[in-house]
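# Working through the structure, step by step
What follows is the residue order along each chain.
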Amino acid sequence: LGAREARELAGGLLPLGRALGDRWGTAACLTIDGFAAAEQGQVGVALEQATAAYEDFRVLGDTWGQTMALIAIAAALRGSGRLRKAVRRLEQAVAVADGHHPVPGALAFGALGYCRLDLGEPKAAEQAADQALDLMAEVEVRPSALVGLRVLKAQAMRAQGDLPEA
């Protein structure tokens, strides 16, 4: 799905979730909408939706959902140039996911790595990529699913002048 289709889907299901009193389903829709709005550059909407999702997941005690909502918040912050705030949210996401959810944890580390690279911190970016790849080693995924993390690692290494290894 593209961002437009994701927003349409989430927007269509959100009233249903609210009408049924499905707090988890509502939070999931808000997270999807937050990611999609961030992709469309609608930072205010993205932050509002993803923050509401995070609060619902926190009340529910759902650490998977909290992690995903924090990543969505960080995506909006990064897209608007607020990299330090995005880093703080991603560090929070990593802490929430720690030991419970390797895939969302790896997503958080990957996004953290790209923020660190944007901030001119290639060593920290490489470390985040390595941590993400370590987490993904815990689950069975196709090698193609790791391309983004490997590209991040190579970009970080190149930024440090390690061209042969990159």
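In the block above lies the structure referred to throughout.
So, here is what we can say about the structure in this document. Source: prediction; values computed, not measured.

About the criteria used
Residues numbered from 1 in each chain as written. Predicted model: local features only at pLDDT ≥ 70, side-chain atom pairs only at ≥ 80, totals over all residues. Heavy atoms only, no water. Core = buried A, V, L, I, M, F, W, Y, C linked by side-chain atoms within 4.5 Å. Buried < 20%, exposed > 50% of the residue type's maximum accessible area, 1.4 Å probe, protein only. Helix = DSSP H or I, 4+ residues; strand = E, 2+ residues; numbered from the N terminus. Contact = heavy atoms within 4.5 Å. Expected span 1.5 Å × (residues − 1). Salt bridge = Lys/Arg side-chain N within 4 Å of Asp/Glu carboxyl O. 1 Å grid on protein atoms, 1.4 Å probe; cavity = no way out; pocket = protein on both sides within 12 Å on 5 of 7 lines; lining within 4 Å. Points joined across faces, edges and corners; volume = space filled by probe spheres on them. Nonpolar A, V, L, I, M, F, W, Y, C, P; charged D, E, K, R; others polar.

### Some points on the nonpolar core
- Of all hydrophobic cores here, the largest spans 43 residues; its most connected members are I73 and F109.
- The set of elements that each furnish at least two residues to this core consists of α1 (3–20), α2 (23–39), α3 (43–60), α4 (63–79), α5 (83–97), α6 (102–118) and α7 (122–136).
- When residues of this core are assigned to their parent elements, the largest contribution, 9 residues, is made by α4.
- When residues no more than four places from it in sequence are discounted, the contact partners of I73 are L47, A50, T51, Y54 and R89.

### Focus: α5
- The end-to-end C-alpha distance of α5 is 21 Å, a good match for the 21 Å that 15 residues give at a rise of 1.5 Å each.
- Considered for burial, the residues of α5 that qualify are L83, A86, V87, L90, A93, V94, V96 and A97.
- Among the structural elements, α4 and α6 are those in contact with the buried residues of α5.
- G99, located one to two residues past α5, shows a positive phi value of around 80 degrees.

### Points about the side chain of Q66
- Tracing the backbone through its elements, the reader meets Q66 in helix α4.
- You can call Q66 buried: its relative accessible area is 8%.

### A closer look at the pattern of salt bridges
- In the structure shown here, the tally under the stated rule is 10 salt bridges.
- In this structure, the salt-bridge partner of D118 is R78, at a minimum N-O distance of 2.7 Å. With D118 in helix α6 and R78 in helix α4, the pair connects residues that are 40 residues apart, well separated along the chain.
- Between D130 and K153 there is a salt bridge; the shortest N-O distance is 2.7 Å. Here D130, found in helix α7, pairs with K153, found in helix α8 (residues 147–159); they are 23 residues apart in sequence, far enough to count as distant.
- For D130, a relative accessible area of 27% puts it in the partly exposed group.

### Points about the environment of L135
- Inspection of the secondary structure assignment puts L135 in helix α7.
- Separated by 72 residues in sequence, L135 and T63 have C-alpha atoms that sit 16 Å apart.
- In this structure L135 touches P102, G105, A106 and F109, once residues within four positions along its chain are discounted.

### Topic: the layout of surface pockets
- There is about 390 Å³ of room inside the largest pocket.
- It is α6 that provides the largest number of residues to the lining of the largest pocket, a total of 7 residues.
- Of the residues in the lining of the largest pocket, the class split is 14 nonpolar, 3 polar and 1 charged.

### Topic: α2
- Over its 17 residues, α2 extends 24 Å from the first C-alpha to the last, a length consistent with the 24 Å expected when each residue adds 1.5 Å.
- By the criterion of burial, α2 is predominantly enclosed, with 12 of the 17 residues buried.
- Taken residue by residue, α2 has G25, T26, A27, A28, C29, L30, T31, D33, G34, A36, A37 and A38 as its buried positions.
- Looking at the buried residues of α2, the elements they touch are α1, α3 and α4.

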